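One letter stands for each residue in the lines below.
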Amino acid sequence: MHVIVLNGGSSSGKSSIARHLQELLPQPWLHLGADTMVDALPPALREGGEGIGGVTDGDGTVEVGPVFAALDAAWTVGVAAMARAGARIVVDEVFLGTAASQARWRAALEGLDVLWVGVRCDPAVAAAREAARGDRVSGMAAAQAEAVHQGVVYDLVVDTSRTSATDCARAVAARVTAV
């Protein structure tokens, strides 16, 4: 296995699962994802327009501009290149473009052994986590909870509203080590 792609809405538990996977899996795995990409952007691109809007303010709706879309496409290809160079990577992603987002990742990861994992979380649970975190825009978790899964095909689905992040990570690790 080269890559594990965790797709889920904001505050669904993807990052927690990724951290547990880094502890559980026998080889070293890098944890990269949507937050890594957004944090790497110049501040002006985090304020909407040509970049990405809604991640620091607004009603929870995230809007992607053309410059962000181009950088995100380059990011995806770069992550795939790292995997091709031998790094094992857990991708913590939010498929804002639903099936089109997965298609972009599939194209970039073609030829690599990938485990596609849906990280589901009840919208009310995700919204409560979002409020407790205090570092997310209110409404983002509820808006994304179901939307990011539309048309996306998974090898495994976990639900962090019913199962701990540790147990979800164990289920993912079992699939990785069974190969």
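Cut-offs applied
- Residues numbered from 1 in each chain as written.
- Predicted model: local features only at pLDDT ≥ 70, side-chain atom pairs only at ≥ 80, totals over all residues.
- Heavy atoms only, no water.
- Helix = DSSP H or I, 4+ residues; strand = E, 2+ residues; numbered from the N terminus.
- Expected span 1.5 Å × (residues − 1).
- Core = buried A, V, L, I, M, F, W, Y, C linked by side-chain atoms within 4.5 Å.
- Buried < 20%, exposed > 50% of the residue type's maximum accessible area, 1.4 Å probe, protein only.
- Contact = heavy atoms within 4.5 Å.
- Pairing = 2+ DSSP bridges.
- Axes fitted to C-alpha atoms, helices over the stretch in contact; angles between N-to-C directions.
- Arc of directions from axis to C-beta.

(A) Molecular detail of helix 3 (residues 66–84). If you check helix 3, its first and last C-alpha atoms are 27 Å apart, about what 19 residues at 1.5 Å a residue would give, namely 27 Å. Count one or two residues on from helix 3 and you reach G86, which has phi positive near 115 degrees.

(B) Structural view of the nonpolar core. Among the nonpolar cores identified, the biggest contains 19 residues, and I4, L6, I17, L21, V117 and V172 are the most heavily contacted of them. In terms of residue count, the dominant contributor to this core is helix 7 (residues 165–177) (six residues). Residues within four places of V117 in sequence aside, it is in contact with I4, V5, L6, N7, Y154, L156, V158 and V172. V5, V79, W105 and Y154 belong to the second-largest nonpolar core, a separate cluster that totals 17 residues.

(C) Representation of the sheet that holds strand 1 (residues 3–7). Spatially, 2-5-1-6-7 is the arrangement adopted by the five strands of the open sheet, whose pairing is parallel. The sheet is open, and its two edges are formed by strand 2 (29–33) and strand 7 (156–159), each paired on a single side. Across this sheet, the average inter-strand angle for adjacent strands is 20 degrees, counted without regard to direction. Across five bridges, the pairing between strand 1 and strand 5 (residues 88–93) is parallel. Within strand 5, the residue paired with V5 across the bridge is V91. Against the sheet, helix 3 touches strand 1, strand 2 and strand 5, its axis set at about 175 degrees to strand 2.

(D) Just the environment of E50, in detail. The residue E50 is located in the loop between helix 2 (34–40) and strand 3 (52–53) in this model. We classify E50 as partly exposed; its relative accessible area is 46%. Each C-alpha atom, one on E50 and one on G65, is 4.3 Å from the other, the two residues being 15 residues apart in sequence. Contact partners of E50, with chain neighbours within four places excluded, come to L45, G65, P66, V67 and F68.

(E) Expanded view of helix 7. The terminal C-alpha atoms of helix 7, which comprises 13 residues, lie 18 Å apart, in line with the 18 Å expected from a rise of 1.5 Å per residue. Regarding helix 7, the residues found buried are A165, C168, A169, V172, A173 and V176. Down the axis, helix 7 shows its buried residues gathered within 135 degrees of arc, on one side only.

(F) Inspection of the pairing of strand 1 at higher detail. The buried fraction of strand 1 is high, at five of five residues. Neither face of strand 1 is open: one carries V3, V5 and N7, the other I4 and L6, and all of them are buried. Both strand 1 and strand 6 (residues 114–120) contribute to a ladder of five bridges, which runs parallel. Paired with V5 across the two strands is W116, which belongs to strand 6.

(G) Region of the structure containing the side chain of D92. Mapped onto the secondary structure, D92 falls in strand 5. Accessibility expressed as a relative area gives 7% for D92, which makes it buried. Ignoring sequence-local partners within four residues, the contact set of D92 consists of L6, K14, S15, H31, L32, G33 and A34.

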